Amino acid sequence: MSDQIKHECGIAFIRLLKPLSYYQEKYGTALYGLNKLYLLMEKQHNRGQDGAGIATIKLDMKPGSRYISRYRSMAQNAVADIFGYVQNKFVSIQEETPELMKDTEFLKQNVSFIGEVLLGHLRYGTHGKNSIENCHPFLRQNNWMTRNLVIAGNFNMTNVDELLEQLYELGQHPKEKADTVTVLEKIGHFLDDENQTLFDEYKKEGLSNVEITHKISKNLNLANILRRSAKSWDGGYTISGIVGNGDAFVLRDPSGIRPAFYYADDEVVVAASERPAIQTAFKVQIKNVKEIEPGHALIIKKDGTVTQEMYREPTEKRACSFERIYFSRGSDADIYKERKKLGQLLCPQVLKAVNYDIKNTVFSFIPNTAEVSFYGMVDGLHEYIRDVQKDTLVNRKEKLSDGELDELLSMRPRVEKLAIKDVKLRTFITQDADRGEMVAHVYDTTYGVIKNHTDTLVAVDDSIVRGTTLKQSIIKIIDRLHPKKIIIVSSAPQIRYPDCYGIDMSKMGQFVAFDAAIQLLIERGMEHIIEEVYQKCKASLLLPKEEIINHVKEIYRPFQQQEISDKIAQIITPKDTVAEVEVIYQTLDNLHVACPDHSGDWYFSGNYPTPGGNKVVNKAFVNWKEGNNQRAY
């Protein structure tokens with residue numbers, strides 16, 4: 001994506017099902033769990049670079065012994081910083097008494113982070129303050145082991161105000177208005193309630209407090225706690241939690257918006273936001289890594305029992321398609337195929353735009369994340385060329401001359417690497433003009449491969465959000481190659497609406513497609529639509545969220561997709577650009593052909609999977625109209 005946007009977040013969970021001595025004997029290290037957690041997090045570092053954190057729990061520790069450890073970091077390379085901190089705890093042992101590195105019982109009793117339950121988190125701070133307090137995992141502490149709670153997640157809730165009000169009604173007074181705090185306290189409240197219910201029940205049976213503690217730990221009903229906690233959550237979420245006794249869960253929202261995968265055998269239970277991370281870290285086949293079902297929680301009891309239980313009725317599955325287009329690593333087998341398909345499906349539009357003139361067209365891609373879609377487009381071009389060659393050889397009545405035959409058989413797409421992202425240039429000069437000049441050189445280009453004022457340049461991007469980088473840098477630079485025409489091709493459809501489930505796209509003014517629609521309305525004397533939509537959106541905010549519809553769709557309704565694409569081309573074309581600039585977008589229909597199992601497309605279509613989404617989009621429009629530069633949830 002030429003315009004970088006942020007995404008929140010990534011989780012990594014491991015439960016070791018055997019004693020630590022087992023891993024020492026089989027794998028030669030007592031640090032097996034920590035090593036695997038490091039791999040899981042490092043293989044998902046694309047999901048968060050604003051901070052990271054880990055927490056571990058030791059099972060069956062004696063009273064008075066520390067059994068929960070947590071460390072969070074906001075260092076530039078937070079994952080390496082965290083595991084460097086952990087590694088330092090073993091330095092003196094390795095130097096002075098190296099034989100103790102094989103003594104798992106000694107390590108468990110004397111060194112923090114050597115535990116059987118491990119949780120890691122990678123954070124992108126979409127809206128919250130970037131401070132260590134905002135880094136997961138979050139910890140809710142208590143002297144009762146089964147009342148301690150650690151959580152980390154990839155989520156945004158659209159109805160934080162409503163959830164806070166519910167906490168007030170329960171008698172709580174949260175210290176912060178944030179969805180992480182409300183989720184932690186909501187689960188924590190019902191965890192406390194479950195503990196108290198079980199305590200009262202066992203007390204009536206005449207059991208001692210020590211006996212009751214063990215009974216509570218054995219019979220804690222996590223599924224019931226989650227059912228009660230999540231009853232009114234509205235958002236996209238994958239949340240992992242650990243109770244102090246070692247019970248753990250990973251739950252996924254009822255629409256399956258956010259991704260969650262797991263693997264289990266007789267040694268480990270693993271969960272993560274991305275499937276390839278599990279495959280790589282544990283050397284397992286794709287068929288053995290499963291999805292956590294929407295509306296279900298993977299529950300791992302202290303005794304090692306693993307179940308997947310429904311905590312909320314699943315709705316229509318609307319898994320986030322942006323995960324497939326951009327966010328998740330392309331090393332996932334299915335994602336790789338889908339991204340290639342996205343590029344291939346664009347070929348008919350691209351060929352039409354270049355008037356089928358393969359000879360005088362150069363094909364390239366802009367950011368590295370668009371490379372796989374580009375390969376798909378090249379495959380599609382080869383298919384087109386084969387069809388042309390076959391049709392000519394089979395159906396042409398006149399005999400081809402040697403020259404014509406050579407030219408026909410030599411047809412191939414001209415593929416070049418033209419836009420190269422340079423090392424990060426520091427825009428440290430304070431004057432705006434100077435900073436703009438520096439930004440313009442974030443990308444460099446390859447000279448000498450374009451025929452001046454003859455060739456058309458087709459450049460694939462995986463999505464266009466604001467169009468800022470295209471306007472300030474990319475188009476300026478490639479125009480210096482003197483192409484006749486520049487065609488920017490987005491493998492994603494037009495981004496028209498804000499996201500409220502985890503992606504940093506929450507304000508209407510961020511979208512070049514919205515800007516294009518507004519400009520078209522004004523140019524065509526249709527400003528009354530803007531005012532009417534504003535009034536409808538403002539009135540809708542007084543309704544219960546379940547009754548709200550997306551009124552912002554009316555902004556786009558008067559226009560065909562191509563009209564908006566043409567206006568976007570005007571907006572992103574810098575002054576003094578010589579070449580003609582055209583923009584081509586993927587269609588919604590083709591998006592769903594390429595990604596059939598990930599139908600979540602609300603940022604393109606405006607069809608939100610939860611009621612809170614409609615409230616957020618209307619609020620975002622009101623904020624834009626009133627000049628209020630705040631997120632809408």
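Each remark here, short or long, concerns the structure printed above.
Remember, it's a predicted structure, so these values are computed and weren't measured experimentally.

So what exactly am I meant to see when it comes to the overall build of the protein chain here?
Assigned secondary structure in the protein chain consists of 24 helices and 20 strands. Radius of gyration (C-alpha) of the protein chain: 28 Å, near the 26 Å computed for a compact globule of 633 residues. Its C-alpha atoms give the protein chain principal-axis dimensions of about 100 × 60 × 55 Å. Across the 633 residues that make up the protein chain, the buried fraction comes to 56%. A separation of at least 24 residues holds for 75% of the contacts in the protein chain among residues at least 6 apart in sequence. When the accessible surface of the protein chain is totalled, it reaches about 27,400 Å², and 48% of it is carbon and sulfur. Both charge centroids of the protein chain, one from 81 positive and one from 85 negative side chains, sit 1 Å from each other.

Mind showing me how you'd approach the pairing of strand β13 (residues 306–310) here?
On a regular strand, one side chain projects to one face of the sheet and the next to the other, so that they alternate. Here five bridges tie strand β12 (residues 296–300) to β13, and the two strands are oriented antiparallel to one another. The residue of β13 that forms the bridge with histidine 296 is methionine 310. The hairpin formed by β12 and β13 contains five residues between the paired strands, and glycine 304 there has a positive phi angle of roughly 95°.

Is there a simple way to explain the sheet that holds strand β8 (residues 248–252) in this structure?
Whether parallel or antiparallel, the strands of a sheet pair through hydrogen bonds between backbone atoms. Pairing within the open sheet is antiparallel, and its six strands lie in the order β5-β6-β7-β8-β12-β13. Edge strands, defined here as strands with exactly one partner in the open sheet, are β5 (138–140) and β13. Strand-to-strand twist across the sheet, computed as the mean angle between neighbouring axes with direction ignored, equals 20°. Alignment of β8 against β12, held across four bridges, turns out to be antiparallel. Considered in β12, the bridge of leucine 251 is made with alanine 297. Here helix α9 (residues 222–229) sits on the sheet and contacts β7 (235–243), β8, β12 and β13; the angle it forms with β8, its principal contact strand, is near 40°.

Would you mind going over the packing of helix α12 (residues 333–345) against helix α14 (residues 371–395) with me for this structure?
For any two helices packed against each other, one specifies the crossing angle of their axes together with the interaxial distance. Where α12 contacts α14, the axes come no closer than 6 Å and their chain directions differ by 50°. By the angle between their directions, the pair α12 and α14 is classed as oblique. The two elements α12 and α14 meet at a crossing, and its hand is right-handed. Here α12 contributes Tyr336, Arg339, Lys340, Leu342, Gly343 and Gln344 to the contact with α14, which in turn contributes Val372, Ser373, Tyr375, Gly376, Met377, Asp379, Gly380 and Glu383.

Honestly, the pairing of strand β9 (residues 261–264) in this entry has me stumped. Any pointers?
Bridge analysis of β9 against strand β10 (residues 268–272) gives four bridges, and the strand direction is antiparallel. Residue tyrosine 262 lies in a different strand from β10, and its bridge partner there is alanine 271. Linking β9 back to β10 in an antiparallel pair, the connection comprises three residues. Here β9 runs beside strand β11 (residues 290–291); their pairing, made up of two bridges, is antiparallel. The residue of β11 that forms the bridge with tyrosine 262 is lysine 290.

Cut-offs used in this document
Residues numbered from 1 in each chain as written. Predicted model: local features only at pLDDT ≥ 70, side-chain atom pairs only at ≥ 80, totals over all residues. Heavy atoms only, no water. Helix = DSSP H or I, 4+ residues; strand = E, 2+ residues; numbered from the N terminus. Rg over C-alpha atoms; globule rule 2.2 N^0.38 Å. Buried < 20%, exposed > 50% of the residue type's maximum accessible area, 1.4 Å probe, protein only. Contact = heavy atoms within 4.5 Å. Areas by Shrake-Rupley, 256 points an atom, 1.4 Å probe, with all protein chains shown as cover. Lys, Arg positive; Asp, Glu negative; His and termini not counted. Charge placed at Lys NZ, Arg CZ, Asp CG, Glu CD. Pairing = 2+ DSSP bridges. Axes fitted to C-alpha atoms, helices over the stretch in contact; angles between N-to-C directions. Parallel < 35°, antiparallel > 145°, perpendicular 65-115°, else oblique. Left-handed = near helix turned anticlockwise from the far one by under 90°.

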